[in-house]
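A structural walkthrough
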Protein chains: 2
Amino acid sequence: MLTQDQIQEARQRAARLLEEAGIAITEAERDGIEVSDFGLSELHQTGLELVIYVNTQRVCAKELVMFPGQTCPEHRHPPFDGTPGKEETFRCRRGLVYLYVEGAPVERPTCRPAGADRGAYTVWHELVLTPGQQHTVPPNTLHWFQAGPEGAIVSEFSTQSRDDLDVFTDPDIARITVVASS
Amino acid sequence: MLTQDQIQEARQRAARLLEEAGIAITEAERDGIEVSDFGLSELHQTGLELVIYVNTQRVCAKELVMFPGQTCPEHRHPPFDGTPGKEETFRCRRGLVYLYVEGAPVERPTCRPAGADRGAYTVWHELVLTPGQQHTVPPNTLHWFQAGPEGAIVSEFSTQSRDDLDVFTDPDIARITVVASS
């Protein structure tokens, strides 16, 4: 759960990071930055700020803004409507992002997100993306990512985004953010 | 037709514009910038420089770099393999781009590309995109665009790109650039 004040503060901070990176957004996009705490009420540990450029039945493009050390928790995009599920490419634009996907686990993962102790993270194949580097995550495969110490801006190019269908490893997670009534 | 020298020069210039815009690309991407003159041998009037980030069967993302006044000539993306054809969103990142699509023609178009006199351009509904502004072009509809006086950088988010299937209005155009043998 997030309060309106927390959402506004996160939006302003994300907008500042985009501006510093020279990424132009419209006023409507700035006012509509999506702030998600994944229902865990610990936005600065587990959360994401998003500018959704386009999301049609066929194509989706977003800018993900991550605060230092912020984690997008482990999930997968299952098949739906006869499609294999969402395919996404993450391209780092600013900062540094640690991306964890299915595959051989690293011996000493750089990141240890909140929730790891209670089994909310199960894939530990670690990739490090710096500006200009990218990785494509196949549909229906587990992945999660954490920003480096200076935060990160990551472009996401994908098929249609259906957040309501995402399957999270952590049973406590809800993708749709609840706004506290004031 | 382009010479290797012309291609190298265009690549370097495009890489410089990307760098000035703060858009990070890898060395391999820099060396592989696609330079297209659409077979007209007048690159600086009619041409395009492209960094292709990803192009799978489902998703494509590119950065288009355009020199001042450079035009991407009129074309459409026809249906193929049971799909409606390529759907694309153009998002201006730097500079200014005039985008012409199907619809009510403007009375006085800002642009008059080379080839207009011989009927190579037929749609004149004009949109002006500045940084942060975007437009989605439906599959199989005619469109063309020209950079403003300072050039432009435009992100393209789309379904699969199959350049070989593009249909150009100008019968003199060939999408695949011919490199002069030295």
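Please refer to the structure placed before this passage.
What counts and what doesn't
Residues numbered from 1 in each chain as written. Chains lettered and ligands numbered in written order. Predicted model: local features only at pLDDT ≥ 70, side-chain atom pairs only at ≥ 80, totals over all residues. Heavy atoms only, no water. Contact = heavy atoms within 4.5 Å. Buried area = accessible area lost by both parts, 1.4 Å probe. Salt bridge = Lys/Arg side-chain N within 4 Å of Asp/Glu carboxyl O. Polar contact = N/O pair within 3.5 Å; in protein donor to acceptor, adjacent residues only side chain to side chain. Helix = DSSP H or I, 4+ residues; strand = E, 2+ residues; numbered from the N terminus. Core = buried A, V, L, I, M, F, W, Y, C linked by side-chain atoms within 4.5 Å. Buried < 20%, exposed > 50% of the residue type's maximum accessible area, 1.4 Å probe, protein only.

1. Quick look at the interface of chain A and chain B
Many authors give the size of an interface as the accessible area that is lost as the parts come together. On the side of chain B, 30 residues touch chain A, which itself brings 29 residues to the contact. In total, about 2200 Å² of surface goes out of reach between chain A and chain B, with carbon and sulfur atoms giving 50% of it. Here A:Arg93 and B:Glu63 are joined by a salt bridge, their closest N and O atoms 3.4 Å apart. Counting across the chain A and chain B interface gives 16 residue pairs in polar contact (both at pLDDT 80 or more). Secondary structure elements with two or more residues in the side of chain A that touches chain B: strand S2 (48–55), strand S3 (60–66), strand S5 (88–101), strand S7 (134–137) and strand S8 (143–158) of chain A. Examining the composition of the side of chain A that touches chain B, we find that 4 residues originate from one element, S5(A), more than from any other.

2. Some remarks on the nonpolar core
A:Leu18, A:Tyr53, A:Phe157, B:Leu18, B:Tyr53 and B:Phe157 are the most contacted members of the largest nonpolar core, which has 30 residues in total. Listed by contribution, the elements that provide at least two residues to this core are helix H1 (4–20), S2, S3 and S8 of chain A together with helix H1 (4–20), strand S2 (48–55), strand S3 (60–66) and strand S8 (143–158) of chain B. Not counting the four nearest positions on each side in its chain, B:Leu18 is found in contact with B:Ile23, B:Ile25, B:Val51, B:Glu63, B:Val65 and B:Ile153. Listed in part, the 21 residues of the second largest apolar core include B:Leu50, B:Met66, B:Leu129 and B:Phe168.

3. Comments concerning the environment of A:Thr110
Residues and elements named next belong to chain A. As for its placement among the helices and strands, Thr110 is situated in the loop between S5 and strand S6 (125–129). Considered as a pair, Thr110 and Val128 are 18 residues apart in the sequence and their alpha carbons are 9.6 Å apart. Here Thr110 is in contact with Tyr98, Tyr100 and Glu126, once residues within four sequence places are set aside.

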